[in-house]
Amino acid sequence: MNRQDAKVAKVFNNVKHSLGSLRLRRKRNMSHTSDIIIIGGGIAGTATGYYLAKAGLKVALFDKGYLCSGSTGRCIGGVRQQFTSESSIKLMMESVRLFSGMDEELGVEVHWHPGGYLFLAHDEAKKKAFLENIRIQQAAGLKDVRWVDAAEAKEIVPLLNTEGLLGGSYCPTDGQAYPFAVVGGYAQRIKQLGGSIHTFTEVAGILQQGGKALGIRTSDGREFFADKIVNCAGPWAKDIGRLAGIEIPVEPERHEALITEGVEYLGIPMLVDYRADGGYFQQFKHNGQFIGCYTPVPNVPGTSCDSTFEFLTEMPRRMLKLVPALSEVKVIRQWAGSYEMTPDGNPIVDGTDLEGFYVVAGFCGHGFMLGPATGREAAAFIATGKRSPLLTDFALKRSYASREAMK
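These notes cover the structure that comes with them.

1. What to know about the overall build of the chain
The secondary structure content of the chain amounts to ten helices and 21 strands. Computed over its C-alpha atoms, the radius of gyration of the chain comes to 23 Å, within 12% of the 22 Å expected for a compact globule of 407 residues. Projected onto its principal axes, the C-alpha positions of the chain cover 85 × 40 × 40 Å. In the chain, which comprises 407 residues, the share counted as buried stands at 54%. Across the chain, the fraction of contacts at a sequence separation of at least 24, relative to all contacts at a separation of at least 6, is 73%. Carbon and sulfur atoms form 52% of the exposed surface of the chain, whose accessible area is close to 17700 Å².

Written as structure tokens, this is what we have:
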């Protein structure tokens, strides 16, 4: 190609680019537009969307299913401040504050109850680890957490089997809330503030040009436009990222849970037993039901929601090992859902190389509890470009070398 031909080709490409931009602008003027598009209708998407809408931005939220159809609606509703990452501890302290005022903030009853979390130590190694965790948590400002010996644990939970128990890490201001009520409350407020919720609307493409995000294309061919897009797709965050040409290190894992009939409230906090045959369970105060889960070994990758007979029989056995008095309580339902795992056990809250495309995902089973405070901080970052120090550990391009110990 000679010099003259090269000039002609350059002019042609410039004209082609300008025409493409003009077509998109014309199309955008004729299509649904908003300031922010959020992909994902769980706690991350609705909390982030609420705080963006509260800041005066027009929000359009999309989910391929119903609200809470992903990880949030399949979690067990626990809310704890006991972590080993300083950012997570401080965010969770703020989340607890937000949960405690959420009935008034959202205008719905979310069944917040500070029933506490008790992490159990049955060997010296676990006791040593918990004592170090408590030191880190107290240094970060969580003054309510403390070590309790076996006798004190028995006072907190009179029905607890303390055989072999050395003690535990206890925080009475940890608690519980009802995921569907929280997400429903956030979604309602988004609509009241002028936003829109699009359920059963799958995102099939990310519209972009010149390194900037422009909008989305749904699976039925419709296009929606916004200057900023937030990937809150939970277990599907990697898939949504790839639609935008962005690699996001989030991998889904299947986890199972069950719930019992409601019985008299016994004041049992969330009990966490990290032994190989342990698990996690609590009793909801608002209806008396026990709800619990455990981490499968080996892990089960993927987004399958299949339930297993093994879990149905094994989880009650693990619960009875800790609280034998529950032997007559009936299991009424089991289900499965996905954790959204990152390499270090911490979430990702950041912008990306595609201008206007953000990620709020990878909560590793802690999305419901972290969601309120993280959504608020993420919204401030997206709206203003100013990144809170609380989000420093959650950058997309980090080393992923330090791991959260209290998973």
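2. With respect to empty space enclosed by the protein
Counting across every chain of the model gives one cavity of 30 Å³ or more. Volume-wise, the largest cavity comes out at about 40 Å³. Forming the boundary of the largest cavity are Y51, L98, M102, E105, L106 and Y186. The dominant element in the lining of the largest cavity, judged by the number of residues it contributes, is helix α4 (residues 102-106), at three residues. Of the residues contributing to the lining of the largest cavity, the split by class is five nonpolar, no polar and one charged.

3. Let's talk about the layout of surface pockets
Its volume calculated, the second largest pocket comes out at about 300 Å³. Lining the second largest pocket are 19 residues; nearest its centre among them are G73, Y178, F180, R333 and W335. Breaking the lining of the second largest pocket down by element, the ones donating at least two residues are α7 (179-192), β17 (289-294) and β19 (331-341). Looking at side-chain class alone, the lining of the second largest pocket contains eleven nonpolar, six polar and two charged residues.

4. Concerning helix α9 (residues 309-322)
Those residues of α9 that sit buried are F311, E314, M315, R318, M319 and L322. With its buried residues spanning 135 degrees around the axis, α9 presents them on a single face. Among the structural elements, β5 (117-121), β14 (251-262), β15 (270-273), β16 (280-283), β17 and β19 are those in contact with the buried residues of α9.

5. Quick notes on the packing of helix α2 (residues 43-54) against α7
Contact geometry for α2 and α7: axes closest at 9 Å, N-to-C directions at 35 degrees. Of the two possible hands of crossing, α2 and α7 adopt the one that is left-handed. Residue-level inspection shows I43, T46, A47, G49, Y50 and Y51 of α2 in contact with α7, the latter providing V182, V183, Y186, A187, R189 and I190. Each residue belonging to the contact of α2 with α7 can be placed in one class, and the counts come to nine nonpolar, two polar and one charged.

Rules behind the numbers
- Just so you know, the residues in each chain are numbered from 1, in the order the chain's sequence is written.
- Only residues with pLDDT of at least 70 get local features here, since the model is predicted, and only at 80 or more are side-chain atom pairs given and counted; chain-wide, interface and lining totals rely on the full set of residues.
- Note that the side-chain values use all heavy atoms of the structure and ignore hydrogens as well as water.
- In this text, helices come from DSSP runs of H or I with a minimum length of four residues, and strands from runs of E with a minimum of two, each type numbered from the N-terminal end.
- Atoms counted for the radius of gyration: C-alpha only. Globule rule: 2.2 Å times the number of residues to the power 0.38.
- Only protein chains enter the accessibility calculation, which uses a 1.4 Å probe. A residue is then buried if its area is under 20% of the maximum for its type, exposed if over 50%, and partly exposed in between.
- Contact between two residues is taken to exist if any of their heavy atoms lie within 4.5 Å; hydrogens are not considered.
- Note on areas: these come from Shrake-Rupley sampling with a 1.4 Å probe, and a residue is covered only by the protein chains present in the view.
- Think of a 1 Å grid over just the protein atoms. A cavity is a set of points where a 1.4 Å probe fits yet cannot get out, a pocket is an open set with protein on both sides within 12 Å along at least five of seven lines, and lining residues have an atom within 4 Å of a point.
- Grid points are joined across faces, edges and corners, and a volume is the space filled by probe spheres set on the points.
- Under the scheme applied here, ten amino acids are nonpolar (Ala, Val, Leu, Ile, Met, Phe, Trp, Tyr, Cys and Pro), four are charged (Asp, Glu, Lys and Arg), and all others, including Gly, are polar.
- What the arc covers is the set of directions going from the helix axis to the C-beta atoms.
- For helices, the axis comes from a line fit to the C-alpha atoms of the stretch in contact; other axes are also lines fit to C-alpha atoms, and the angle between any two N-to-C directions lies between 0 and 180 degrees.
- Handedness of each helix crossing follows the sense of rotation of the near helix against the far helix: counterclockwise by less than a right angle gives left-handed, clockwise gives right-handed.

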